[in-house]
Number of protein chains: 2
Amino acid sequence: MDAPTSARATTELLKRLLEILDEEDAFDRTGGKPVLEFVYPEELQKLLPIELTDEPASKEEIETVIRQTIRYSVKTFSPHFHNQLFAGIDEYGLAGSWLTDVLNTSQYTYEVAPVFTMMEQQVIEQSLKLVGYPPSPEGDGILCPGGSVSNMYGMVMARYKMIPEVKTKGLAGLPQLVCFTSEAGHYSITKGAHWLGLGTDNVCKVKCDEFGRMRPDELKAGIAKVRRRGHLPFFVNATCGTTVLCSFDPLPEIAAICREENLWLHVDACLGGTLLLSEKYRDRLKGIELSNSVAWNPHKMLGAPLQCSLFLIKGKNTLHEANCVGARYLFQQDKHYDVSWDTGDKSLQCGRKVDGTKLWLMWKARGTNGLRESVEIAMSAIEYFFERIKDREGFRLVLPRYEGCNVCFWYIPPSMRTQQETQEWRDKLYEVTAKIKGRMMLEGTLMVGYTPLSYCNLGNFFRMVVTCQPPPSNASMDYVIDKIEELAADL
Amino acid sequence: MDAPTSARATTELLKRLLEILDEEDAFDRTGGKPVLEFVYPEELQKLLPIELTDEPASKEEIETVIRQTIRYSVKTFSPHFHNQLFAGIDEYGLAGSWLTDVLNTSQYTYEVAPVFTMMEQQVIEQSLKLVGYPPSPEGDGILCPGGSVSNMYGMVMARYKMIPEVKTKGLAGLPQLVCFTSEAGHYSITKGAHWLGLGTDNVCKVKCDEFGRMRPDELKAGIAKVRRRGHLPFFVNATCGTTVLCSFDPLPEIAAICREENLWLHVDACLGGTLLLSEKYRDRLKGIELSNSVAWNPHKMLGAPLQCSLFLIKGKNTLHEANCVGARYLFQQDKHYDVSWDTGDKSLQCGRKVDGTKLWLMWKARGTNGLRESVEIAMSAIEYFFERIKDREGFRLVLPRYEGCNVCFWYIPPSMRTQQETQEWRDKLYEVTAKIKGRMMLEGTLMVGYTPLSYCNLGNFFRMVVTCQPPPSNASMDYVIDKIEELAADL
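Residues numbered from 1 in each chain as written. Chains lettered and ligands numbered in written order. Predicted model: local features only at pLDDT ≥ 70, side-chain atom pairs only at ≥ 80, totals over all residues. Heavy atoms only, no water.

As named in an unreviewed UniProt entry, chain A is Glutamate decarboxylase 1, taken from Tetragonisca angustula. Turning to chain A, the UniProt record has this under Sequence similarities (unreviewed entry): "Belongs to the group II decarboxylase family." (UniProt positions renumbered as here; feature names shortened; annotations may be inferred.)

Caption draft 1: Spatial organisation of the overall build of chain A. For chain A, the count of helices and strands is 14 helices and twelve strands. In terms of overall dimensions, chain A is globule-like: its C-alpha atoms have a radius of gyration of 24 Å, near the 23 Å expected for 491 residues. Along the first, second and third principal axes, the C-alpha set of chain A runs to 65 × 65 × 45 Å. Every one of the 491 residues in chain A was classed for burial, and the buried ones make up 67%. (Helix = DSSP H or I, 4+ residues; strand = E, 2+ residues; numbered from the N terminus. Rg over C-alpha atoms; globule rule 2.2 N^0.38 Å. Buried < 20%, exposed > 50% of the residue type's maximum accessible area, 1.4 Å probe, protein only.)

Caption draft 2: Structural context of the UniProt feature "modified residue: N6-(pyridoxal phosphate)lysine" (unreviewed entry) in chain A. Residues and elements named next belong to chain A. Cross-referencing UniProt, the feature "modified residue: N6-(pyridoxal phosphate)lysine" (unreviewed entry) maps to K300 in the present numbering. Tracing the backbone shows K300 in the loop between β7 (293-296) and β8 (309-314). The contacts of K300, once residues within four sequence positions are left out, are L85, F86, C270, L271 and T467. (Contact = heavy atoms within 4.5 Å.)

Caption draft 3: Just the interface of chain B and chain A, in detail. Listed as interface residues are 162 residues of chain B and, on the opposing side, 161 residues of chain A. Buried area between chain B and chain A, both sides added, is near 14,600 Å², and the carbon and sulfur share of it is 64%. If you look at where chain B meets chain A, you find six salt bridges. Seen at the junction of chain B and chain A, the total is 84 residue pairs in polar contact (both at pLDDT 80 or more). Grouping the constituent residues of the side of chain B that touches chain A by class yields 88 nonpolar, 46 polar and 28 charged. (Buried area = accessible area lost by both parts, 1.4 Å probe. Salt bridge = Lys/Arg side-chain N within 4 Å of Asp/Glu carboxyl O. Polar contact = N/O pair within 3.5 Å; in protein donor to acceptor, adjacent residues only side chain to side chain. Nonpolar A, V, L, I, M, F, W, Y, C, P; charged D, E, K, R; others polar.)

Caption draft 4: Molecular detail of the sheet that holds strand β3 (residues 177-182) of chain A. All names here are of chain A. Within the open sheet, the seven strands sit side by side as β2-β8-β7-β6-β5-β3-β4. Their pairing is mixed. Here the strands that pair on one side only, and so sit at the sheet edges, are β2 (139-144) and β4 (203-206). If you compare each strand with its neighbour and ignore which way they point, the axes differ by 20° on average. (Pairing = 2+ DSSP bridges. Axes fitted to C-alpha atoms, helices over the stretch in contact; angles between N-to-C directions.)

Caption draft 5: Molecular detail of the relation of the copies chain B and chain A. By a simple turn and slide, chain B fits onto chain A: the slide is 0.0 Å along the axis, the RMSD is 0.0 Å, and the turn is 180°. Here the two chains are linked by the operation of a two-fold rotation axis. For chain B, the smallest separation between a C-alpha atom and the rotation axis is recorded for B:L196, amounting to 2.0 Å. Of the interface residues in chain B, 99% have counterparts in chain A that sit at the interface too, so the contact is made through matching surfaces. (Least-squares fit on C-alpha atoms with pLDDT ≥ 70 in both.)

Caption draft 6: Spatial organisation of a positive patch on the surface. Together, A:R8, A:K15, B:R8 and B:K15 line one region of the surface with positive charge. Those elements giving two or more residues to the positive patch turn out to be α1 (7-23) of chain A together with α1 (7-23) of chain B. Residue placement: B:R8 occurs in helix α1. (Patch = residues over 30% accessible without salt bridge, like charges linked within 9 Å, V, L, I, M, F, W, Y side chains within 5 Å. Areas by Shrake-Rupley, 256 points an atom, 1.4 Å probe, with all protein chains shown as cover. Lys, Arg positive; Asp, Glu negative; His and termini not counted. Charge placed at Lys NZ, Arg CZ, Asp CG, Glu CD.)

Caption draft 7: Seen up close, the sheet that holds strand β12 (residues 458-465) of chain B. All names here are of chain B. The sheet built from five strands is open, its strands ordered β1-β11-β12-β10-β9 with mixed pairing. The open sheet terminates on both sides in strands that have one partner only, identified here as β1 (81-82) and β9 (395-397). Here strand β10 (residues 406-411) runs beside β12; their pairing, made up of four bridges, is antiparallel. Bridge pairing in β12 places C408 opposite R463.

Caption draft 8: Local environment of the pattern of salt bridges. All names here are of chain B. In this structure the tally under the stated criterion is 72 salt bridges over all chains. Of the charged contacts, one joins R16 and E63 as a salt bridge, the two residues approaching to 2.7 Å between their closest N and O atoms. Note that R16 is positioned in helix α1 and E63 in helix α3 (residues 59-72), a separation of 47 residues in sequence. R16 sits in the partly exposed class, given a relative accessible area of 27%. Owing to a relative accessible area of 23%, E63 belongs among the partly exposed residues under this scheme. Residue K335 pairs with E111 through a salt bridge whose shortest N-O separation is 3.1 Å.

Caption draft 9: Spatial organisation of helix α6 (residues 147-162) of chain B. Its 16 residues place the ends of α6(B) 23 Å apart at the C-alpha level, agreeing with the 22 Å of an ideal helix rising 1.5 Å per residue. Taken across its 16 residues, α6(B) has 14 buried, putting it largely inside the fold. (Expected span 1.5 Å × (residues − 1).)

Caption draft 10: Structural context of helix α8 (residues 188-195) of chain B. Residues and elements named next belong to chain B. The buried fraction of α8 is high, at eight of eight residues. For α8, every residue scored as buried is listed here: S188, I189, T190, K191, G192, A193, H194 and W195. The first or second residue beyond α8 is G197, which carries a positive phi of 85°.

Caption draft 11: Local environment of the packing of helix α9 (residues 216-228) of chain A against helix α10 (residues 251-261) of chain A. All names here are of chain A. As a packed pair, α9 and α10 sit with axes 9 Å apart at the nearest point and diverge in direction by 20°. The orientation of α9 relative to α10 falls into the category roughly parallel. As α9 runs across α10, the sense of the crossing is right-handed. Residues P216, L219, K220, I223 and R227 of α9 form the contact with α10, whose participating residues are E253, I254, I257, E260 and E261. Class assignment for the residues of the contact of α9 with α10 results in five nonpolar, no polar and five charged. (Parallel < 35°, antiparallel > 145°, perpendicular 65-115°, else oblique. Left-handed = near helix turned anticlockwise from the far one by under 90°.)

Caption draft 12: Region of the structure containing the packing of aromatic side chains. In the structure shown here, the tally under the stated rule is 35 aromatic pairs over all chains. Aromatic pair A:F38 and A:Y40: ring centres 5.0 Å apart, planes at 90°, arrangement edge-to-face. An aromatic cluster of at least three residues, connected via ring pairs, comprises A:F38, A:Y40, B:Y110, B:Y337 and B:W341. The ring of A:F211 has A:R401 lying over it, and the distance from NZ or CZ to the ring centre is 4.4 Å. (Phe/Tyr/Trp six-rings, centres within 6.5 Å; stacked < 30°, edge-to-face > 60°. Lys NZ or Arg CZ within 6 Å of the ring centre and 35° of its normal.)

Caption draft 13: Region of interest: unusual backbone geometry. The step from B:S136 to B:P137 runs through a cis peptide bond, and the omega angle for that step is 5°. Within the secondary structure, B:P137 sits in the loop between α5 (114-131) and β2 (139-144). Cis geometry is adopted by the peptide bond preceding B:Q307, which originates at B:L306 and carries an omega value of -10°. When you line up the elements, B:Q307 lands in the loop between β7 (293-296) and β8 (309-314). With a phi close to 55°, A:C246 is a non-glycine residue in the positive phi region. Tracing the backbone shows A:C246 in the loop between β5 (232-239) and α10. Phi is positive for A:N317, which is not a glycine, with a value near 70°. Along the polypeptide, A:N317 turns up in the loop between β8 and α11 (318-323). Since its relative accessible area comes to 46%, A:N317 is described here as partly exposed.

Caption draft 14: Structural view of the packing of helix α12 (residues 356-390) of chain A against helix α14 (residues 474-487) of chain A. All names here are of chain A. Relative to each other, α12 and α14 sit at 40°, their axes nearing to 9 Å. Taken together, the axis directions place α12 and α14 in an arrangement best described as oblique. You can see that α12 and α14 cross each other, and the crossing is right-handed. Between α12, through A381, Y384, F385, R388 and I389, and α14, the contact on the second element is made entirely by N474, M477, D478, V480 and I481. Looking at the contact of α12 with α14, its residues break down into seven nonpolar, one polar and two charged.

Caption draft 15: Here's a closer look at a negative patch on the surface. There is a patch of like negative charges on the surface, built from A:D334, B:E424, B:D427 and B:E431. Mapped onto the elements, B:D427 comes out in helix α13 (residues 423-443).

So, in structure tokens, the structure goes:
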């Protein structure tokens with residue numbers, strides 16, 4: 001095998017990769033290229049040399065498959081990608097990713113990650129400040145592989161603080177523990193309840209008001225009901241930026257209930273946390289500083305590269321105390337430097353990817369001011385979008401307001417506008433939504449997600465999302481409106 | 001803010017990054033440069049402009065900090081880095097990382113990750129074959145953020161298969177569940193036991209034989225004892241490649257016990273799984289096909305970039321059934337393509353980094369034959385190392401044999417060789433080990449880890465590890481021996 005393991009060969013390979021990325025317009029943010037070139041799975045299987053074989057592929061074959069990967073992948077960099085809660089990425093964030101890929105190391109000890117340890121620490125410190133938590137060591141945090149894991153950290157910490165013996169003795173013999181989240185909360189709380197041994201039935205889903213926000217009176221009633229049953233409430237998850245409507249739960253009221261009831265308050269601000277960067281919008285999260293822990297994903301709205309999720313917590317040493325098992329092969333106590341810099345025993349994971357660095361680098365390159373500006377640009381785009389469709393024929397808002405980076409709506413095609421709005425009509429509208437989405441995908445000109453919302457009996461509607469990267473503009477918002485009208489003209 | 005968001009500006013930034021990496025010898029695999037330039041934490045804090053501020057850093061400042069990051073980070077690419085169970089990385093794997101970074105997407109749906117879905121599927125398929133599991137859909141798998149999470153998947157799946165109601169009802173009211181691993185097993189089982197609500201006391205640590213392998217008779221006795229107490233054994237973790245000694249538990253015997261006792265057998269082959277690639281060494285894992293699930297980290301010995309960890313399982317749909325909660329905003333059932341290609345509901349995570357692609361690309365570029373060859377090169381290097389130190393003055397092996405990629409030893413400096421080996425002498429030897437390590441770090445010429453092994457009352461010794469990347473040589477093995485002798489000459 002011609003193994004090109006010299007530094008020069010590696011540089012050449014990576015240089016060639018960069019050329020290919022450039023030639024294939026992988027960094028294009030103008031929208032001049034399609035968002036995707038959709039191919040059905042059966043067809044894609046035939047197009048790609050997907051099978052791994054005994055023999056190596058040639059350099060030419062590798063180059064071809066890299067081009068194919070770019071070609072048939074979704075261009076999240078496109079200004080017309082609004083399909084997920086993430087999209088394109090900050091280029092300094094990307095540079096940070098590439099840098100950490102090359103230096104391939106793990107976050108657990110200062111010994112193997114001296115610079116990255118400091119960068120993670122600084123990113124946590126600044127995020128604590130953003131949230132209004134005390135600085136370290138009274139505040140603490142950790143970078144996690146995604147928001148679901150960050151939310152699970154919240155649940156684990158809540159349980160440990162209420163019943164420390166749970167770490168050694170487990171749940172057997174304890175009363176049934178119950179957690180609370182709103183019916184609009186993210187499903188990670190439910191998955192967490194399974195994994196953590198609580199059971200998904202013991203996630204109490206609190207009713208929302210008409211804006212998709214948890215109702216404090218319902219939370220209070222739910223807690224009382226659980227207590228009457230002899231079960232043990234221990235954890236409330238409030239959401240800042242729900243997955244579909246991007247609603248913000250009323251934190252001060254919820255925090256007051258948690259204080260009264262002695263419950264841990266975790267805030268899932270995975271989506272909405274980015275608004276903390278702007279004085280103009282941070283009041284959406286008013287009261288977040290009253291919570292016990294927070295999850296925030298800079299890889300969502302802010303445009304940090306996937307994965308970049310922060311778990312933040314109040315309380316000195318709590319994270320370490322709860323999670324440590326003191327493996328001596330990794331966390332030797334007789335090292336030649338101050339081992340309090342070895343942070344790995346705070347973590348569920350052993351090897352842990354260095355996720356803080358990409359956020360650190362983009363934060364450094366933009367400054368907090370630059371990040372704030374990008375948030376305000378995104379918010380002004382979604383405001384423009386909201387205002388444009390509010391009274392426009394054919395568009396119908398799911399909510400008469402928006403708080404964060406999502407606006408949800410139906411599009412009623414011309415033929416349906418004069419018909420009576422019966423249940424049948426509504427069912428047809430829901431089908432039409434999926435149909436418009438299918439056309440978008442096949443044409444490759446736009447990606448906006450759609451979803452039903454079962455807890456309030458709503459069928460499919462569009463969820464339009466803006467993020468900071470690439471910076472959205474009024475023109476890119478107009479494009480969405482025009483494109484949907486065009487795609488649905490004959491429906 | 002001068003936001004360079006054009007494609008050209010991004011390309012320029014990344015090109016510049018590549019030049020800097022090249023200028024700073026980040027890809028050097030010759031060992032011509034130090035493994036690290038050690039700086040104490042307090043000093044490093046002063047050297048780096050670590051604080052994130054309101055104002056952006058200039059381009060020059062960013063360039064400087066990138067150079068500093070490279071300079072003060074550990075060079076895992078160096079042939080003299082033997083400090084962890086991972087080291088340098090395959091350059092095609094690195095290219096795969098960079099590619100997926102640019103295309104920034106999540107693994108959950110075919111819609112946003114068509115190519116990556118196929119690549120993950122193929123990597124799982126080939127790994128199932130390697131382990132001797134049935135192909136999909138009878139075999140299944142998922143890429144996880146590290147081996148600890150992969151092992152937790154094993155525990156969750158075992159629990160779910162024994163008591164499906166645990167998903168909805170939780171553990172309250174059930175008898176105490178107990179899991180088994182050897183006293184040399186990885187600490188992730190213990191951390192998992194905390195998180196999953198079992199309690200760390202309910203991890204039964206089975207005694208090992210003199211080679212660090214789980215004793216089947218002890219396992220059998222342990223199970224009986226737990227049953228007598230009225231507790232419920234449900235999970236046995238066997239290890240192929242323990243963290244310190246790289247020992248391999250006797251799988252056929254353990255599998256027979258698990259079958260008899262109706263227990264789930266999970267194999268933590270995070271480290272040792274790579275040996276499956278070579279016919280010459282795969283008998284170390286004989287019987288792995290008899291297990292119910294397996295964890296394997298190609299980011300360890302094989303040299304895939306961090307994070308790349310596979311969880312594999314026998315049983316159609318089990319992974320999905322156990323973990324699904326059917327979030328409709330993401331896993332809509334009325335899409336325009338076959339939604340069985342949407343794999344995200346198998347996962348604990350929601351957003352999930354596309355980790356399969358880097359392994360796919362390096363596997364494609366090397367072929368299974370190329371990967372096998374790299375494993376055999378690594379193993380012949382460790383054999384050489386073992387043979388060289390076996391009877392060499394001053395070196396003393398912890399085990400009189402090696403099975404995998406680790407060899408553990410003490411180095412007795414000249415002044416201690418003629419002294420009587422009392423407890424005091426041994427304590428001094430353990431201190432000397434840490435001292436030699438400290439010198440390595442300060443000199444920056446070599447990194448080999450050290451560890452005590454408390455379960456067999458051994459104090460600090462060196463754990464020498466070889467990996468496939470960069471390919472080790474006899475010369476790089478000699479270097480370790482010479483360097484340790486040199487560093488310890490006056491001790």
